[in-house]
Amino acid sequence: PGALVQVVFTQLGEMVTATQSCTDETLQLLGVTLGYEVQIVSPEDEDKELLESFDLSFGGEYGDDVELAIRPPVVTVMGHVDHGKTKLLDAIRSTDVVGGEAGGITQHIGAYQVRATVDGDERPITFIDTPGHETFTAMRARGAQVTDIVVLVVAADDGVKPQTIEALNHAQAANVPVVVAVNKVDKEGADPAKVRGQLTEYGLVAEEYGGDTMFVDVSARNRTNIDGLLEAIVLTADASLDLRAPTGTEAQGVAIEGRLDRGRGPVATVLVQRGTLRVGDSVVAGEAFGRVRAMLDEHGGQVTEAGPARPVQVLGFTSVPDAGDNFLVVPEDRVARQIAERRQARERNAELALSRGRPTLETILERMKEGEKTQLNLILKGDVSGSVEALEDALLKIDVGDEVGLRIIDRGVGAITETNVMLASASDAIIIGFNVRPQGKATELADREGVEVRYYSVIYQAIEDIENALKGMLKPVY
Ligand code: GDP
């Protein structure tokens, strides 16, 4: 087995790590073959480590010494197309008399906050201003858990539809409680009871039927019973969620929207999830970083701080963060920049690895498993024709049995050109350069195409490497 270990590691070291990617399964498989336990580090873990190296962390449990305050629920509106999601969000927005007076017309920044009056108390609620489950799932796919409660809109004249169920499935998969807004009750043919009956089949049983889901009949168009809906949201939050967050710590949250504004540069709406964000804070959001120059609320008014569940538009990023990016305040600009740059580099590498779909360890192992003959294609370039011939002769003499083969698909004298790289790319070949350098943009192209170029100035070293690679392609013998 000693030889096998060396052979496989040669392959991993010489042919995979250098320029190629392989999947988790391949690595696991390799690990099993070698009798090692392979630990796969997820991007999340990698990011955690990155933050830890700066003594930072994102999310997680609160320490015992951290004081928690009740925070508003964050709500996403979902439902079948044309059932009135947009109209409902507009209607809810217009109920915010207080905000309206303070700052005028509500602008679209990706989220807004309104106040509901419940038992004489003013209770804020944050709404994500992009209806539909696409945003919801896209954020979730990126690991951002933003929504506390889903308002499922069902048109009373149309009843439960495929996207109603789809939205419900997403909410349930995320373990998020649902409040049903039975909309369009003003319409002729509206049958709110039927909607209740239909949803019972999907596990949503109305309170009046002995279940624990609140159904609220509304008309988004006439703005009827919007108060009732807001109250139901607050009551559902109080009944099934314990929404608390610290306000005294440095802010963390999620970017929910971003764009490049002609006058103001990159603007990003962030939803603070814990702590308090302040003007002047150094922040990093995904691969973007900056310092909070100003913050605007949904009425376009300047704010100096934002606490949990507060959406604010942040000015001061040097680039636009993506929706779903986690953001956090860091001690200084330098740290923000370094974290962002390390993430950028990681992303570039990942993209590069993806583009290198060519002769990976995986495909080789795959073909080996299927018992197919494997072939290593080479392109040889040398400084003089003598050395190219010598190299070719020696390579063709390598004998590793007939299970694997070596083919020299092209040879030539002179620098490695873009044409060489393209041929290598098209034929899954590796380029061997003997006493030559790349010309023009050949290296860049090779990087982009995932073509491996190896340089030698000693023939026997080239032979040895290729021999090892070929052996690595051999089926392990037990
Ligand atoms: P979305 O696709 O779910 O966002 O649906 P919209 O909000 O765009 O509404 C679809 C259509 O239904 C529009 O023509 C709205 O004017 C209409 N609509 C929405 N809510 C109501 C309502 O409560 N009553 C009536 N009669 N029409 C409504």
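This is a predicted model, so every value here is computed, not measured.

Student: I'd love a proper account of the overall build of the protein, names of residues and values included.
Tutor: Counting its secondary structure elements, the protein contains 15 helices and 21 strands. Within the protein, counting contacts between residues at least 6 apart in sequence, those at least 24 apart form 73% of the total. For the protein, the accessible area works out to roughly 23300 Å², and carbon and sulfur atoms hold 47% of it.

Student: Describe the packing of helix H13 (residues 418-426) against helix H14 (residues 442-449), listing the residues and the values that go with them.
Tutor: It is the contact of H13 with H14, at a shortest axis distance of 9 Å, that shows an interaxial angle of 15°. With respect to H14, the element H13 is oriented roughly parallel. Where H13 crosses over H14, the handedness of that crossing is right-handed. Contact with H13, carried on its side by Glu418, Val421, Met422 and Ser425, involves Ala442, Leu445, Ala446 and Glu449 of H14 and no other residues of that element. Class assignment for the residues of the contact of H13 with H14 results in five nonpolar, one polar and two charged.

Student: Give a description of the environment of Pro321 that names residues and reports values.
Tutor: With respect to the element layout, Pro321 can be found in the loop between strand S16 (311-317) and strand S17 (326-330). With a relative accessible area of 4%, Pro321 lands in the buried category. In the structure, Pro321 is positioned 62 residues away from Arg259 in sequence and 8.2 Å away in space, judged by C-alpha atoms. If we skip the residues at most four places from it in the chain, Pro321 touches Ala255, Gly258, Ala268, Ala285 and Ala288.

Student: Which residues make up the site of the ligand, and what values do they have?
Tutor: Taken together, 15 residues form the shell around the ligand, and within it Asp82, Lys85, Thr86, Lys87 and Asp186 come nearest. Interatomic distance of 2.7 Å between a side-chain N/O atom of Asp186 and a nitrogen atom of the ligand. Contacts to the ligand include Ser219, whose side-chain N or O atom sits 3.3 Å from an oxygen atom. Contact with the protein chains removes 78% of the 570 Å² of surface that the ligand exposes when unbound. Ranked by residue count, the leading element in the shell around the ligand is helix H4 (residues 85-93), at three residues. Across the shell around the ligand, the residue classes break down as two nonpolar, six polar and seven charged.

Student: A description of H13 should follow, citing residues and the corresponding values.
Tutor: Those residues of H13 that sit buried are Asn420, Val421, Ala424 and Ser425. Buried residues in H13, looked at end-on, bunch into an arc of 135°, giving them a common side. Residues of H13 that are exposed and point more than 90 degrees away from the buried face comprise Thr419 and Ala426. Asp428 lies just past H13 and shows a positive phi near 55°.

Student: Any details on the packing of H4 against helix H9 (residues 226-240)? Residues and values, ideally.
Tutor: Axis angle and axis distance: for two packed helices, these are the angle between their axes and the distance between the axes, and together they describe the pair. For the pair H4 and H9, the least separation of the axes is 10 Å and the interaxial angle reads 90°. By the angle class used here, H4 and H9 are roughly perpendicular. Contacts between H4 and H9 involve Leu88, Ala91 and Ile92 from the former and Ile226, Leu229 and Leu230 from the latter. When grouped by side-chain class, the residues that make up the contact of H4 with H9 number six nonpolar, no polar and no charged.

Student: Describe a negative patch on the surface, listing the residues and the values that go with them.
Tutor: Together, Glu44, Asp45, Glu46, Glu49, Glu52 and Asp55 make up a region of like negative charge exposed at the surface. Assignment of secondary structure puts Glu52 in helix H3 (residues 43-52).

Student: Describe the sheet that holds strand S7 (residues 215-217), with residues and values.
Tutor: Neighbouring strands of a sheet are bound in pairs by backbone hydrogen bonds; such pairs are parallel or else antiparallel. Across the sheet, which stays open at both edges, the six strands sit in the order S3-S4-S2-S5-S6-S7 with mixed pairing between neighbours. In the strand order of this sheet, the two ends are held by strand S3 (111-118) and S7, each with one partner. With strand direction ignored, the average angle separating the axes of adjacent strands in the sheet is 30°. Pairing of strand S5 (residues 149-155) with strand S6 (residues 178-183), which is carried by six bridges, proceeds in the parallel orientation. Along S6, the bridge assignment pairs Val150 with Val178. Along the sheet, helix H8 (residues 192-200) makes contact with S5, S6 and S7, crossing S7 at roughly 160°.

Student: Quick one: what's the story with unusual backbone geometry, residue by residue and with numbers?
Tutor: Most peptide bonds are trans, and most residues other than glycine sit at a negative phi. Of note in this structure, Arg223 is not a glycine but carries a positive phi near 55°. Of note in the backbone geometry, Asn225 takes a positive phi value of approximately 65° without being a glycine. Examined against the element boundaries, Asn225 turns out to sit in the loop between S7 and H9. Taking relative accessible area as the criterion, Asn225 reaches 35% and is therefore assigned partly exposed.

Student: So what's going on with the pattern of salt bridges? Residues and values would help.
Tutor: This structure, assessed with the given rule, holds 21 salt bridges. In this structure, Arg71 and Asp148 form a salt bridge, with 2.8 Å as the shortest nitrogen-oxygen distance. Within this pair, whereas Arg71 is found in the loop between strand S1 (68-70) and strand S2 (74-79), its partner Asp148 is found in the loop between helix H6 (133-141) and S5, the two being separated by 77 residues in sequence. Here Arg71 falls in the buried class, since its relative accessible area comes to 17%. Given a relative accessible area of 12%, Asp148 falls into the buried group. A salt bridge links Arg337 to Glu341, with the nearest nitrogen and oxygen atoms 3.6 Å apart. Of this pair, Arg337 and Glu341 both sit in helix H10 (residues 333-355), four residues apart, which is roughly one turn of the helix. Taking relative accessible area as the criterion, Arg337 reaches 42% and is therefore assigned partly exposed.

Student: Could you give an account of the nonpolar core, with specific residues and numbers?
Tutor: Residues Leu88, Phe127, Val151, Leu229 and Ile233 are the most contacted members of the largest nonpolar core, which totals 29 residues. Elements with a minimum of two residues in this core: S2, H4, S3, strand S4 (121-128), S5, S6 and H9. Of the residues forming this core, the biggest block, seven residues, is contributed by H9. Ignoring sequence-local partners within four residues, the contact set of Leu88 consists of Val151, Val153, Ala181, Val218, Ala220, Ile226 and Leu229.

Procedures and definitions
Residues numbered from 1 in each chain as written. Predicted model: local features only at pLDDT ≥ 70, side-chain atom pairs only at ≥ 80, totals over all residues. Heavy atoms only, no water. Helix = DSSP H or I, 4+ residues; strand = E, 2+ residues; numbered from the N terminus. Contact = heavy atoms within 4.5 Å. Areas by Shrake-Rupley, 256 points an atom, 1.4 Å probe, with all protein chains shown as cover. Axes fitted to C-alpha atoms, helices over the stretch in contact; angles between N-to-C directions. Parallel < 35°, antiparallel > 145°, perpendicular 65-115°, else oblique. Left-handed = near helix turned anticlockwise from the far one by under 90°. Nonpolar A, V, L, I, M, F, W, Y, C, P; charged D, E, K, R; others polar. Buried < 20%, exposed > 50% of the residue type's maximum accessible area, 1.4 Å probe, protein only. Near = heavy atom within 4 Å. Polar contact = N/O pair within 3.5 Å; in protein donor to acceptor, adjacent residues only side chain to side chain. Arc of directions from axis to C-beta. Patch = residues over 30% accessible without salt bridge, like charges linked within 9 Å, V, L, I, M, F, W, Y side chains within 5 Å. Salt bridge = Lys/Arg side-chain N within 4 Å of Asp/Glu carboxyl O. Lys, Arg positive; Asp, Glu negative; His and termini not counted. Charge placed at Lys NZ, Arg CZ, Asp CG, Glu CD. Pairing = 2+ DSSP bridges. Core = buried A, V, L, I, M, F, W, Y, C linked by side-chain atoms within 4.5 Å.

The quantities given are spatial measurements derived from coordinates; they are silent on function.
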